[in-house]
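Each chain, letter by letter, is given below.
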Amino acid sequence: MRLRVFFAAIAAAALSCATLSAQTTDEILAKMNEQLARTEAEGFAMDMVMKIPIVGTVSSHNMINGDNLRMEIAKDGKQSVTWTTPTTKWDYDSSTGEITITNKEPSKEDQKADSDLKAFDNLTKGYNVILKKETDEAWYFLCKKSKDNKDKDDPKTMDLAISKATYLPIYLRAKKSMIGIGFENITLGVSAADVTFNPEEFPDAKIVDKR
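Residues numbered from 1 in each chain as written. Predicted model: local features only at pLDDT ≥ 70, side-chain atom pairs only at ≥ 80, totals over all residues. Heavy atoms only, no water.

> What exactly am I supposed to notice about the nonpolar core here?
Soluble, globular proteins show a tendency: their nonpolar side chains are buried together. Judged by nonpolar contacts, the single largest core of 24 residues is most densely connected at Met32, Phe120, Phe141, Leu160 and Ile162. Mapped onto this core, the elements with two or more residues apiece are helix 2 (25-36), strand 1 (44-52), strand 7 (127-134), strand 8 (138-145), strand 9 (157-163), strand 10 (169-176) and strand 11 (179-188). Sequence-distant contacts of phenylalanine 120, that is, excluding residues within four places in its chain, are made with Met32, Asn33, Leu36, Leu160, Pro169, Leu172, Phe183 and Ile186. One finds Trp83, Tyr92, Ile101 and Phe197 within the second-largest nonpolar core, a separate group that totals eight residues. (Core = buried A, V, L, I, M, F, W, Y, C linked by side-chain atoms within 4.5 Å. Buried < 20%, exposed > 50% of the residue type's maximum accessible area, 1.4 Å probe, protein only. Helix = DSSP H or I, 4+ residues; strand = E, 2+ residues; numbered from the N terminus. Contact = heavy atoms within 4.5 Å.)

Structure follows, in structure tokens:
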């Protein structure tokens, strides 16, 4: 009898802890946004993956600190690296062994280096976010475009995974017009040096200055 009481007490305590630790979708998304808000001060890195018919999969590793960016692309055994500041652009092409320096012309797409993270901003406004499953490591959500979201550029659905350890997105994936796009492996902590062009990194490259 005492054992039954003991195990019942254990079960009740476990259930109580589970209830206390449970979080709503809104609470999880709010904590994710708190972490993403740190990117402006700390810098961040992420992978962008695009799946394009005929072309295949193209991925880039992006490191961002303020308005400065370093983007690395590897495909078919070739490597390209691009560094940009608000005024200057460096392009390394492994197939030619050259680094070309040009003036960076301002464009509408250059409003802010972390603009790719804007995809996360409207999740609670333009989408109904539904928890699909939960593991010890992450939450997995389906984001369905809400009826009052009239932005034609927003995809109808997106898949979002959030790390329980960091509350940072593991990935945000969507598909539109047969093209799949994903933002993956977001991490905090990119310094100015990480995104600054350093000729010593490619000592054998020929530098072509077209400014």
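> Please explain the confidence of the model for the chain as it appears in this structure.
Atomic detail in the predicted coordinates should be set aside for any region of low pLDDT. Here the chain averages 83 in pLDDT, while 82% of its residues score no lower than 70. For residues 1-21, every residue scores under 50 in pLDDT, and the model assigns this stretch zero contacts once sequence neighbours within four places are set aside. (pLDDT = per-residue confidence, 0-100.)

> Mind showing me how you'd approach the environment of threonine 100 here?
Within the secondary structure, threonine 100 sits in strand 6 (residues 98-103). Between the C-alpha atom of threonine 100 and that of arginine 211, which follows or precedes it by 111 residues, the distance is 9.4 Å. What threonine 100 contacts, discounting residues up to four positions off in sequence, is Lys89, Trp90, Asp91, Val208 and Lys210.

> What exactly am I supposed to notice about the side chain of arginine 70 here?
On the secondary structure map, arginine 70 appears in strand 3 (residues 68-75). Its relative accessible area of 8% is what places arginine 70 among the buried residues. At 2.7 Å, the side chain of arginine 70 and the side chain of glutamate 201 are in polar contact. Residues contacting arginine 70, with those up to four places away along its chain left out, are His61, Asn62, Met63, Val81, Thr82, Trp83, Asp194, Val195 and Glu201. (Polar contact = N/O pair within 3.5 Å; in protein donor to acceptor, adjacent residues only side chain to side chain.)

> In this structure, what is going on with the pattern of salt bridges? I would like to understand it.
Close approach of charged atoms lets side chains of opposite charge pair. Scanning all chains against the criterion turns up eight salt bridges. The partner of glutamate 201 in a salt bridge is arginine 70, with the nearest N and O atoms 2.7 Å apart. You can see glutamate 201 sitting in the loop between strand 11 and strand 12 (206-209) and its partner arginine 70 sitting in strand 3, a full 131 residues away along the chain. Its salt-bridge partner being arginine 173, residue glutamate 184 comes within 3.0 Å of it at the nearest N-O pair. Taken together, the positions of glutamate 184 in strand 11 and arginine 173 in strand 10 put the pair 11 residues apart, joining distant regions of the chain. Each of Arg70, Glu72 and Glu201 takes part in salt bridges that share partners, so that together they form one network. (Salt bridge = Lys/Arg side-chain N within 4 Å of Asp/Glu carboxyl O.)

> Any chance you could explain the pairing of strand 2 (residues 56-65) here in plain terms?
On any regular strand, side chains alternate: one points to one face of the sheet, the next to the other face. Sheet topology places strand 1 next to strand 2; nine bridges connect them, and they run antiparallel. Across the sheet, aspartate 47 pairs through a bridge with histidine 61, a residue of strand 2. Here strand 1 hands over to strand 2 after three residues, with isoleucine 54 in that stretch at a positive phi of 75 degrees. (Pairing = 2+ DSSP bridges.)

> Could you clarify how one ought to interpret the sheet that holds strand 1 in this entry?
Paired through backbone hydrogen bonds, the strands of a sheet run either parallel or antiparallel to each other. The strand order across the open sheet built from 12 strands is 7-8-9-10-11-1-2-3-4-5-6-12, with neighbouring strands paired in mixed fashion. Lying at the two open borders of the sheet, with one neighbouring strand each, are strand 7 and strand 12. Pairwise comparison of adjacent strand axes, ignoring direction, gives a mean angle of 15 degrees for this sheet. Inspection of the sheet shows strand 4 (residues 78-84) paired to strand 5 (residues 88-93) by five bridges, in the antiparallel sense. Counterpart to serine 80 in the pairing with strand 5 is aspartate 93. (Axes fitted to C-alpha atoms, helices over the stretch in contact; angles between N-to-C directions.)

> Looking at this structure, how should I read unusual backbone geometry?
Phi angles above zero are rare outside glycine, and methionine 178 is one such case at about 70 degrees. Along the chain, methionine 178 falls in the loop between strand 10 and strand 11. In this structure, asparagine 185 is a non-glycine residue whose phi angle is positive, near 55 degrees.

> I keep staring at the side chain of serine 60 and nothing clicks. Help me out?
Of note, serine 60 is situated in strand 2. There is a polar contact of 3.1 Å between the side chain of serine 60 and the side chain of asparagine 62. Ignoring any residue separated from it by four or fewer positions in sequence, one finds serine 60 in contact with Met46, Asp47, Met48, Met71, Glu72 and Ile73.

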